[in-house]
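# Reading the structure
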Amino acid sequence: MAYTAPVNELKFLFDHVVGFSRLTATERFAEATPDLVAAILSEAAKLAEEVLAPLNRAGDLHPARLEDGVVRTPPGFAEGYRAIAEGGWIGLAAAPEHGGMGLPQTLAVAVNEMASGACLALSLNPLMSQGQIEALEAHADEAIRALYLPKLISGEWCGTMNLTEPQAGSDVGALRSRAVANGDGTYAISGQKIFISWGDNDFAENICHLVLARLPGAPEGTRGISLFLVPKYLPDAEGRPGAANSLQVVSLEHKLGLHGSPTAVIEYDGATGWLIGEENRGMRTMFTMMNNARLGVAAEGLGVAEAAFQKALAHALERRQGRSPLPEGTGAIVDHADVRRMLMTMKAQTAAARAIIYDTAVAIDLARATGSDEMAARAAFLTPIAKSFGSETGVEVAGLAIQVHGGMGVIEETGIAQYLRDVRVTTIYEGTSGIQAMDLVGRKLADGGAAAFALLAEIGQTAALAEASMPDLAAFLAAGEQGLVATTGWMLENAAPNDRFAGAAPYLRAFALVLGGHYLLKAALAEGGQGPRSQLARFYIRQSMIAHDPLLSQAREGARGVYGLSPEELAG
Ligand SMILES: Cc1cc2nc3c(=O)[nH]c(=O)nc-3n(C[C@H](O)[C@H](O)[C@H](O)COP(=O)(O)OP(=O)(O)OC[C@H]3O[C@@H](n4cnc5c(N)ncnc54)[C@H](O)[C@@H]3O)c2cc1C
């Protein structure tokens, strides 16, 4: 299915909205010059448009399946994966000493956005490996790094993450998988993990599982969890995969969408594993992978939103129904005000989500390159917003894309329904939207609101800058900023924990909407307040962002209302 990577949009965003040049100015990322960035974006676009997009439908029609204990992937996925690996895309942001390119994470996110828009099911595979690479770089000892990283970076081996168990979903601390020391530096891992994305495949030489398990006598909850690297085949010292480890994919899930990605139940039966990081500190170690994956999942939502928008626009330009209300109209449904409203909403919200996601990525890179605590706090605050709003945008825009298609939207042959089915899980895995919101109002406000208020001050500055050229939009944005200042204060000063949690999701959404207004107004200012970006900012701020006000009222309602009906009354 045709997909056009948004290369020009990304270049504009990097240059005028999220300040990519600040990365090039650091020693670590000095090589990421405008020329190199342009070359990477256009090569990644080629991969997405020419290699990955044609695989998307096959992944839906021919789901990954389990045959005699072996996972068989959809037609063309092996070749698509090879193209990703051979292009060096998996190790774009990995350290050069083990074969990576050492480029900013921001560029890896751009590649992931394009790959997700082209073929979400396949793109999830390298995303898992990238998270594992980052976790091993940060926490594994040198022997493990030297053995595993070159293989993961080259794509010869794939990585997975294993947290979930039947009784341990959002509550990872409830996991029961066990690890016992073998006495030779290795551990025997036993237990069942479920929902493991790309738990196996038929194109990589080895699959490396990062598995959370509990050592004997470890404390209850998340404080007693350790992290282990458990390969499918035990490698020798030269990295040649040898004997099969004691683990098995016992089944694959039948899902709403994302059929091309095998979602596995894996049984570990005394499998040999190596401890990564310290004993009982596994959650901390895994968080490196999870934070990487959260931004990756945000980019998944964004990629699908862009792809679904493109398809909806193409349909709206072709389908003719009714008389055009415009004197110089095209005669197609794109002329109708309500269809145009949907298309503008889709384009504007996608642009807002994109800016939030890349600002988060730049903050991560700047924190790494400069050691700035301020940037690290900014990245930590923005990550749950990016994850939740990015994935929710994928779902909402894909839903609107179906609406623009009318009845054809629910006919599978058009391919538009696949976007909604595929992207639906992104608001669930890597921490549901609800868990992201609780993280935002819990841990991420635990600094007394410092990171939140720093961002809000920046939003206020953008409003001030726009006062002369776009006074109405500046006033709307300033009102959003003030509303968030007040509600953040309420969260910090007045609210009991469960009152905060009851308002967490609307608070996160309001923050995302106002951040979106800030970035879109910056883009409008960059083109002098006149032109298509200014029109988009105008529509977004006046028609989408204004929803912050009722959302913030809802956020301050506290928990009483949501408990207004008892479980029995809910059923009544
Ligand atoms: C296709 C797919 C791929 C996946 N890939 C992986 C993978 O590769 N590796 C892996 O380890 N896992 C994976 N998962 C698991 C995924 O991360 C979990 O499904 C997710 O974390 C939610 O857990 P759960 O399904 O048990 O839902 P639950 O935790 O049961 O949540 C149900 C609902 O309750 C809410 N909820 C739960 N606890 C709280 C709370 N304390 N406060 C407020 N609300 C709460 C949730 O937000 C949600 O709305 C995958 C899942 C799917 C469907």
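Look up a bit, the structure's there.
Below is a summary of the structure that appears in this document.

About the criteria used
Residues numbered from 1 in each chain as written. Predicted model: local features only at pLDDT ≥ 70, side-chain atom pairs only at ≥ 80, totals over all residues. Heavy atoms only, no water. Helix = DSSP H or I, 4+ residues; strand = E, 2+ residues; numbered from the N terminus. Rg over C-alpha atoms; globule rule 2.2 N^0.38 Å. Buried < 20%, exposed > 50% of the residue type's maximum accessible area, 1.4 Å probe, protein only. Lys, Arg positive; Asp, Glu negative; His and termini not counted. Charge placed at Lys NZ, Arg CZ, Asp CG, Glu CD. Phe/Tyr/Trp six-rings, centres within 6.5 Å; stacked < 30°, edge-to-face > 60°. Lys NZ or Arg CZ within 6 Å of the ring centre and 35° of its normal. Near = heavy atom within 4 Å. Nonpolar A, V, L, I, M, F, W, Y, C, P; charged D, E, K, R; others polar. Salt bridge = Lys/Arg side-chain N within 4 Å of Asp/Glu carboxyl O. Patch = residues over 30% accessible without salt bridge, like charges linked within 9 Å, V, L, I, M, F, W, Y side chains within 5 Å. Areas by Shrake-Rupley, 256 points an atom, 1.4 Å probe, with all protein chains shown as cover. Pairing = 2+ DSSP bridges. Polar contact = N/O pair within 3.5 Å; in protein donor to acceptor, adjacent residues only side chain to side chain. Contact = heavy atoms within 4.5 Å.

Here we take up the overall build of the chain. From N to C terminus, the chain includes 19 helices and 11 strands. For the chain, the C-alpha radius of gyration of 24 Å lies close to 25 Å, the compact-globule estimate for 572 residues. The principal-axis extent of the C-alpha atoms belonging to the chain is close to 75 × 65 × 55 Å. Sorting the 572 residues of the chain into buried and exposed places 57% on the buried side. Taking the 44 positively charged and 63 negatively charged side chains of the chain as two groups, their mean positions are separated by 4 Å.

This paragraph deals with the packing of aromatic side chains. Summed over the entire model, instances satisfying the criterion amount to nine aromatic pairs. Every member of this aromatic cluster is reached through a ring pair, and the members are Phe-77, Tyr-81, Trp-198 and Phe-203. The residue whose ring lies beneath Arg-533 is Phe-12, and the NZ or CZ to ring-centre distance is 3.5 Å.

Attention now goes to the site of the ligand. Around the ligand there are 18 residues in total, and Leu-163, Thr-164, Ser-170, Phe-195 and Thr-432 lie nearest to it. Elements supplying a minimum of two residues to the shell around the ligand: strand E3 (157–162), strand E5 (187–197) and helix H12 (433–441). Grouping the amino acids of the shell around the ligand by side-chain chemistry returns nine nonpolar, seven polar and two charged.

With that settled, the discussion passes to the pattern of salt bridges. Enumeration according to the criterion identifies 25 salt bridges in this entry. For Asp-236, the salt bridge goes to Arg-240, with nearest N and O atoms at 3.0 Å. Under the relative-accessibility criterion, Asp-236 is labelled partly exposed at 28%. The partner of Glu-306 in a salt bridge is Arg-354, with the nearest N and O atoms 2.9 Å apart. Highlighted residues: Glu-306 in helix H8 (residues 282–318) and Arg-354 in helix H9 (residues 337–370), separated in sequence by 48 residues. Residue classification places Glu-306 among the buried positions, given a relative accessible area of 11%.

A cluster of nonpolar side chains, Met-408, Val-410 and Ile-411, forms an exposed patch at the surface whose accessible area comes to about 270 Å². Mapped onto the fold, Val-410 is located in the loop between helix H10 (373–405) and helix H11 (416–423).

Here the focus is the pairing of strand E4 (residues 178–181). Bridge analysis of E4 against E5 gives four bridges, and the strand direction is antiparallel. By the bridge assignment for E5, Ala-179 is matched with Ile-189. Between the end of E4 and the start of E5, which pair antiparallel, lie five residues, with Gly-183 showing a positive phi angle near 90°.

This part is about the side chain of Glu-306. Side chain to side chain, Glu-306 and Gln-310 meet in a polar contact 2.8 Å long. In this structure, Glu-306 is in contact with Tyr-3, Pro-6, Glu-113, Thr-350 and Arg-354, ignoring residues within four places of it in sequence.

All right, on to unusual backbone geometry then. Its identity is not glycine, yet Asp-68 carries a phi of approximately 50°, on the positive side. Secondary-structure assignment places Asp-68 in the loop between strand E1 (65–67) and strand E2 (70–72). For Trp-198, which is not glycine, the phi torsion reads 50° and is therefore positive.

These figures come from the coordinates and say nothing about function on their own.
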